[in-house]
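What follows is each chain in one-letter form.
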Amino acid sequence: MKAEDVKVCVVRIEGTNCEDEMANAFGMVGAKAEKVHLKQLLGQCAPELKRDLEDYDILAFPGGFSAGDYVRAGAIFAARIKAGIGKEVRDFVEAGKPVLGVCNGFQILVELGLLPAFDETMADVPNAALYNNDSGRFECRPTVLRNDNKGKCVWTSDIPKGGLVMTPSAHGEGKLMSNIPDFVEKLEENDQVVFRYVTPEGGKAYYPWNPNGSPSDIAGICNPAGNVMGMMPHPERVMTAYTAADWSRGHRSDDGDGKLIFTSVMKYLAKR
Ligand SMILES: NC(=O)CC[C@H](N)C(=O)O
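What counts and how
- Residues numbered from 1 in each chain as written.
- Predicted model: local features only at pLDDT ≥ 70, side-chain atom pairs only at ≥ 80, totals over all residues.
- Heavy atoms only, no water.
- Helix = DSSP H or I, 4+ residues; strand = E, 2+ residues; numbered from the N terminus.
- Buried < 20%, exposed > 50% of the residue type's maximum accessible area, 1.4 Å probe, protein only.
- Phe/Tyr/Trp six-rings, centres within 6.5 Å; stacked < 30°, edge-to-face > 60°.
- Lys NZ or Arg CZ within 6 Å of the ring centre and 35° of its normal.
- Pairing = 2+ DSSP bridges.
- Near = heavy atom within 4 Å.
- Polar contact = N/O pair within 3.5 Å; in protein donor to acceptor, adjacent residues only side chain to side chain.
- Areas by Shrake-Rupley, 256 points an atom, 1.4 Å probe, with all protein chains shown as cover.
- Nonpolar A, V, L, I, M, F, W, Y, C, P; charged D, E, K, R; others polar.
- Axes fitted to C-alpha atoms, helices over the stretch in contact; angles between N-to-C directions.
- Contact = heavy atoms within 4.5 Å.
- Salt bridge = Lys/Arg side-chain N within 4 Å of Asp/Glu carboxyl O.

Secondary-structure assignment places Leu 49 in the loop between α2 (38-42) and β3 (58-61). Owing to a relative accessible area of 39%, Leu 49 belongs among the partly exposed residues under this scheme. Along the primary structure Leu 49 and Phe 183 are separated by 134 residues, whereas in three dimensions their C-alpha atoms are 41 Å apart.

This is the structure in structure tokens:
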């Protein structure tokens, strides 16, 4: 698939607030991104505004405070999706099409049951959640991630295994939790761990470099097939070096580290 033929659905509802930079990020790697309100996918709009998920090649859930973070961040957005287009989303994922959830988007993917999705896609009762940060407050700062994926995730092929990327974090509910006793081990066994928080030198993270207290310093995971990825930090905010933290620019020329996520998925689609 040529880059210019790639169509991206950047889906939003009231409270989403990172759709512009998410659409811009895909545009910077040559794809055609469209900001689509959930109501357009549900048909609750003028006929000419109706959109069908199957017409897109990538589904992206941007950050924000969808539905005001009521109940839990992402819970209401996920419930509305599941009730209205659950089958279409499941078909999209099972067709191997790439799905990205950033921050609130990650929370939505977990609430939908699309991550970690150990046994099935969109299980009725999700077996994980993004919980309140250990600090009990909203954490907003540059964070450094190490790519710990062994090659399964389609969103990280341009980042060497063990490579470091600086991507900023900004969230109140970023602690990945699960009711499954050996949750982290299962993620590791399935190669579903993607990013871990580390210090700028690549060492074991401690607060504030792990801003939320996530076990094993996990910052991002993928599904067993590797086409769905969710991460708390915001790669779409560091597409260029000038938006990166000054101390993190040593190993990048004019691009920001976040661009590698978007170039990676375009390479995956180029082979489909
Ligand atoms: N930047 C975001 O998407 C924030 C996500 C969510 N509102 C939280 O605070 O955890």
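Moving on to the packing of aromatic side chains. Throughout the structure, instances matching the rule amount to five aromatic pairs. Geometrically, the ring pair formed by Phe 61 and Phe 77 is edge-to-face, given 6.1 Å between the ring centres and 75 degrees between the ring planes. In this pair, Phe 61 is assigned in strand β3 and Phe 77 in helix α3 (residues 75-94), connecting sequence segments 16 residues apart. Phe 77 shares its class with Phe 61; the two are buried. Aromatic ring contacts, followed pair by pair, group Phe 26, Trp 155 and Phe 262 into a single cluster. Of note, Lys 7 hangs over the ring of Tyr 56, and the distance from its end group to the ring centre comes to 5.0 Å. The ring of Phe 118 carries the charged tip of Lys 186 above its face, separated from the ring centre by 4.7 Å.

Turning our attention to the pairing of strand β7 (residues 164-171). With respect to burial, β7 is a largely interior element, seven of its eight residues being buried. For strand β6 (residues 139-147) and β7, the ladder comprises eight bridges, and the chain directions are antiparallel. Following the sheet pairing, Arg 141 is matched in β7 by Ser 169.

Around the ligand, the surrounding shell holds 13 residues, and the nearest of these are Gly 64, Asp 69, Cys 103, Ala 170 and Gly 172. Within the backbone of Ala 170, an N or O atom sits 2.9 Å from a nitrogen atom of the ligand. Contact distances for the ligand include 2.9 Å between an oxygen atom and a backbone N or O atom of Glu 173. Notes on the ligand: free accessible area 300 Å², of which the protein chains cover 98%. Mapped onto the shell around the ligand, the elements with two or more residues apiece are α4 (104-112) and β7. Of the residues in the shell around the ligand, the class split is four nonpolar, seven polar and two charged.

Here we take up the sheet that holds strand β1 (residues 7-12). Two modes of strand pairing occur in sheets, parallel and antiparallel, and in both the strands are linked by backbone hydrogen bonds. An order of β2-β1-β3-β4-β11-β10-β9-β6-β7 is seen for the nine strands of this open sheet, with the pairing classed as mixed. Whereas interior strands pair on both sides, the edge strands pair on one side only; in this sheet they are β2 (32-37) and β7. Neighbour-to-neighbour, the strand axes of the sheet open up by a mean angle of 25 degrees, direction not taken into account. Of the pairings in the sheet, the one linking strand β10 (residues 218-222) to strand β11 (residues 228-231) comprises three bridges and is antiparallel in character. Counterpart to Gly 220 in the pairing with β11 is Met 231. Contacts between α4 and the sheet are confined to β3, β4 (99-102), β10 and β11, with β4 contributing the most and set at about 120 degrees to the helix.

The subject of this paragraph is the pattern of salt bridges. Under the definition given, this model contains 16 salt bridges. We note a salt bridge from Lys 35 to Asp 20, for which the minimum N-O separation is 2.6 Å. In this pair, Lys 35 sits in strand β2 while Asp 20 sits in helix α1 (residues 19-28), placing the two residues 15 residues apart along the sequence. Here Asp 20 falls in the partly exposed class, since its relative accessible area comes to 46%. If you follow the salt bridges from partner to partner, you end up with Arg 146, Asp 148, Lys 150, Glu 188 and Arg 196 in one network.

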